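# Structural overview for review
Here are the chains, one letter per residue:
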Amino acid sequence: MRRALSWAAVILTALLLQSTVFAQIELFGAKPELAYLITVVLAMIEGPSAGASGGFAAGMAQDFLLNQPKGITALTLTLLGYAVGMIRQYIATPSPALPVLLVTGATAVGLLFYGLVSFLLGELDVGWGFLLRVAVLASLYNGILTPLAYPVLRRVAEGSRAKRVFRW
Amino acid sequence: MAQQPLYKRGRSTRLLVVGLVTASLVMITLDYRGGQTGPLEVAGRATLAIISPLQRAMGNVLRPIGDFFGAITHIGSLRAENQELRQDLAELINQQGDELSLTARNDQLERLLVLRDSLDVPVRTGRVIANGVSNFEWVVTINLGTINDIRRGMPVIAPDGLVGHVVKVTRQAADVQLILDPDCSTCRCS
């Protein structure tokens, strides 16, 4: 319960930040996608099922708060969280660049998937070139923000994890 | 969750993901079908009503930071815009100067018109084309001459009154000695 609350607070803060501060600070015209960032990092730290649930919650929150067609971001982030969680289990490298690379790649794939689903629903208002450009720039922006966000999110995850009890 | 055996953990995860994906698809369909009045749209509006005060508060607090970093990333375009605005401003100031002189000229011409209409002697209207070149002679040249029936000694008036008399006439121009000139005695003007 406490875990859910703390992650809910993280998601809310991220969406508020995205719609206020990060609306003004653009990287060549693209804004970051903090919901994607949180989902991927959550999936990396906590595993596929937490990644999927967190992705669903973050996607729902983003769709409702940012007035987008409801459900598409939820779908994208659920699948993204699950995929990243599964992939993470098979990557053994301790390199510190792993979060950055994973966030960048996953954000790009996620945004393209979002574009595809929107297109299939007839909700895509922009051209493919624009979508591609936004996907690349937003994932780069997310990657740049990862070294700042990862320690914070790891602290949240560890702080809310149930303490293990050792019995012997 | 850590106590469950591995195979069960995988299956419950898959179940969870399938459940969440289904929920997402249901939401997409509801929203798609519902349009503006669907239940999700109403929920979205309600959420916005709750969140927007928070957004406003956070925005107020964080706007200086956003402005600072935003200005850094926009510095190129800000400079270009600044340049453009300066040019526009210079043009507008020029235009304003032109307009002021046009308005003044218009006023003067209107007053001349009134004057001409109020006199019942034949009047010729002219313009000053040159000022006197000397410091000691108060003479101006007008653009009327003998082809306009101007003769020596004719009085010259402006809307404010008598200004001088004609002292020299050529075909197309005439010199007018102003009454400012100490050489002119008013009794000579008629």
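Heads up: these notes are all about the structure in this document. Because the structure is predicted, anything quoted here is derived from the model rather than measured.

### Details of the overall build of chain B
On a plain count of helices and strands, chain B comes out with three helices and five strands. Secondary structure elements of chain B occur, N-terminal to C-terminal, as α-α-α-β-β-β-β-β. Here the contacts in chain B between residues at least 6 apart in sequence split such that 38% fall between residues at least 24 apart. Carbon and sulfur atoms make up 58% of the accessible area of chain B, which totals about 14,300 Å².

### Some thoughts on the interface of chain B and chain A
Taken together, the 33 residues of chain B in the interface contact 30 residues of chain A. Across the contact surface, chain B and chain A share zero salt bridges. If you look at where chain B meets chain A, you find one residue pair in polar contact (both at pLDDT 80 or more). Elements with a minimum of two residues in the side of chain B that touches chain A: helix H1 (6-34) and helix H2 (39-73) of chain B. Considering every element that reaches the side of chain B that touches chain A, the biggest residue donor is H2(B), with 18 residues. Per-class residue counts for the side of chain B that touches chain A are 18 nonpolar, 10 polar and five charged.

### Some words on the nonpolar core
By size, the foremost hydrophobic cluster in this structure holds 56 residues, and its most contacted members are A:Trp7, A:Leu37, A:Ile38, A:Val40, A:Val41, A:Val84 and A:Leu153. The biggest single contributor to this core is helix H2 (residues 34-46) of chain A, with 11 residues. Those residues in contact with A:Val84 that sit more than four places away from it in its chain are A:Val40, A:Ala43, A:Met44, A:Leu102 and A:Ala106. The next biggest cluster of nonpolar side chains, apart from the first, holds nine residues, and it includes B:Val140, B:Ile142, B:Ile150 and B:Val176.

### Let's talk about the pattern of salt bridges
Residue and element names in this part refer to chain B. The full count for this structure, using the stated rule, is four salt bridges over all chains. Across the pair Arg-151 and Asp-149 runs a salt bridge whose closest N-O atoms are separated by 3.9 Å. Classification of Arg-151 by relative accessible area gives partly exposed; the value is 45%. Salt-bridge contacts for Asp-175 lead to Lys-168; the nearest nitrogen and oxygen are separated by 3.8 Å. Residue class for Asp-175 comes out buried when judged on its relative accessible area of 18%. Each of Arg-124, Asp-149 and Arg-151 takes part in salt bridges that share partners, so that together they form one network.

Conventions we followed
- Per chain, residue numbering runs from 1 following the sequence as it is written.
- As a convention, the first chain written is A and the first ligand written is 1, with the rest following in written order.
- Owing to the predicted nature of the model, reporting of local features is limited to residues with pLDDT of at least 70; listing and counting of side-chain atom pairs is limited to 80 or more, with chain, interface and lining totals taken over all residues.
- Computation of side-chain values covers all heavy atoms of the structure but excludes hydrogens and water.
- What counts as a helix is a DSSP run of H or I of at least four residues, what counts as a strand is a run of E of at least two, and both are numbered from the N terminus.
- In this description, contact between two residues means that some pair of their heavy atoms is separated by no more than 4.5 Å.
- For the accessible areas, the method is Shrake-Rupley and the probe is 1.4 Å, while residue cover comes only from the protein chains on display.
- Each reported salt bridge corresponds to a side-chain nitrogen of Lys or Arg within 4 Å of a carboxyl oxygen of Asp or Glu.
- Polar contact criterion, stated in full: a pair of N or O atoms within 3.5 Å, where within protein one must be able to donate a hydrogen and the other to accept it, and residues adjacent in sequence count only if both atoms are side-chain atoms.
- Residue polarity follows a fixed list, in which Ala, Val, Leu, Ile, Met, Phe, Trp, Tyr, Cys and Pro are nonpolar, Asp, Glu, Lys and Arg are charged, and the others, Gly among them, are polar.
- The set of buried Ala, Val, Leu, Ile, Met, Phe, Trp, Tyr and Cys residues whose side-chain atoms join them within 4.5 Å is what this entry labels a nonpolar core.
- Buried, partly exposed and exposed residues are distinguished by accessible area as a fraction of the type maximum, computed with a 1.4 Å probe on protein chains only: under 20%, between the cut-offs, and over 50%, respectively.

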